[in-house]
Amino acid sequence: MRRRELLTGVLAAGTTAVVGAAPAGAASGPFDPAAGLEDALFRLPSAAPVPPARLVQQAAAARSDFCAARYTSLGRALPGLLAAASATRDASRGRAREQASMVLARAYVLAAELALKQHNDAAWAAADRALTAARASGHPVPIGESARVLAITMRRSGRCPAAVRLLTQEAADLDGDRSSTGAVRTTLLLTAAYTAATSRDRTMALGLLDEAQEETKRRQAVPGLFTVDASQTQVDVYRIGVLNALGTPDEGVKVAARLNIDRMPTAERRARAWTDTARMWHALGNHPQTFSALRKVEQEAPQEVRRPALRALTADLLYLPARVPGVREFAARTGALPA
């Protein structure tokens, strides 16, 4: 919350070089792919159990939508996936039930992630159910992934100390010697660092960030985590976000200079990296760099730039005293300009 307060102030920018036609997937008007999620969470559609292999395939398709920032498609798919996974779990026993519980947990993780991006309170229910299903599966990786989205929901509600405790306790419970659990431990530490930073606890935030960085040095980057990755580049992106939240965005400039965002594995993560970079330049009052970074978000993921937080950032650019070429057109097609 404080990060958004810190970064909602000075903004504008761009040159005609970054102005152009809307990328494929852009659209104007209201945009909330999580709008129907509440109804689905509290009354799942009717569904029959499905074979485990098909359930895993459906979950993989939903994850692909998230990673590609196809949020409209994800919002349409989630109710059916949640219903099928729930029905399959209830009809299964033994190992098959564990596997269905793991898929159900990850489907709820996606639901929570989508709701969080839209500032939708359905994130609370989705995150809580994700952790319940994950614990039922007995698998540490989905437990860590679910704890992470629940902690983000807690942070968004101002419960930062409790969120940090949840994240650090879950991280401590994971076996850091295994590559998959060690990677999840890294993501928990990164989220804890940012959470501590939002409450301006610099010592804890930087300590957790450094601990996460040490984790990445112990092993190669691990692909295949459900919504995030554990890599040095991801640590650098979080470092920029942490420094923004601490009110020292100038310290992130050198970090941003060494980032190779194009090498990040998914459009959603690349868009998030450009978002944190935009917020850094915004806090520093560098309007051309801010607008350039926002355009990079749009190029990577047109639906990402239509999230409420980024529409607010665009509106700051739009309403600065100095006119910024191209911003009005950008605001119109990304939903930041009222119809």
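S.K.: Which parts of the structure should I look at to understand the overall build of the protein chain?
M.R.: The secondary structure content of the protein chain amounts to 16 helices and zero strands. Here the protein chain holds 339 residues, and the buried ones make up 56% of them. Relative to all contacts within the protein chain whose residues are 6 or more apart in sequence, the contacts with residues 24 or more apart total 72%. Accessible area for the protein chain stands at about 14,100 Å²; split by element, carbon and sulfur atoms hold 51% of it.

S.K.: Is there a simple way to explain the packing of helix 13 (residues 267-284) against helix 14 (residues 287-300) in this structure?
M.R.: Relative placement of two packed helices is described by the angle separating their axes and the distance separating the axes. Relative orientation of the contacting elements helix 13 and helix 14 amounts to 165 degrees, with a least axis distance of 8 Å. Comparing the axis directions of helix 13 and helix 14 gives the class roughly antiparallel. Where helix 13 crosses over helix 14, the two elements pack in a sense that is left-handed. Here helix 13 contributes Ala267, Arg270, Ala271, Trp274, Thr275, Thr277, Ala278, Trp281 and His282 to the contact with helix 14, which in turn contributes Gln289, Thr290, Ala293, Leu294, Lys296, Val297 and Glu300. Considering only residue class, the contact of helix 13 with helix 14 consists of eight nonpolar, five polar and three charged.

S.K.: What exactly am I supposed to notice about helix 3 (residues 52-67) here?
M.R.: In an α-helix, one turn spans 3.6 residues; hence positions three or four apart end up facing the same way. Over its 16 residues, helix 3 runs 22 Å from end to end, which matches the ideal 22 Å to within 8%, given 1.5 Å per residue. Residues Leu55, Ala59, Ala62, Asp65, Phe66 and Cys67 constitute the buried set of helix 3. Of the surrounding elements, those touching the buried residues of helix 3 are helix 4 (71-90), helix 5 (94-117) and helix 13. Backbone geometry just downstream of helix 3 places Ala69 in the positive-phi region, at approximately 60 degrees.

Rules used in this analysis
Residues numbered from 1 in each chain as written. Predicted model: local features only at pLDDT ≥ 70, side-chain atom pairs only at ≥ 80, totals over all residues. Heavy atoms only, no water. Helix = DSSP H or I, 4+ residues; strand = E, 2+ residues; numbered from the N terminus. Buried < 20%, exposed > 50% of the residue type's maximum accessible area, 1.4 Å probe, protein only. Contact = heavy atoms within 4.5 Å. Areas by Shrake-Rupley, 256 points an atom, 1.4 Å probe, with all protein chains shown as cover. Axes fitted to C-alpha atoms, helices over the stretch in contact; angles between N-to-C directions. Parallel < 35°, antiparallel > 145°, perpendicular 65-115°, else oblique. Left-handed = near helix turned anticlockwise from the far one by under 90°. Nonpolar A, V, L, I, M, F, W, Y, C, P; charged D, E, K, R; others polar. Expected span 1.5 Å × (residues − 1).

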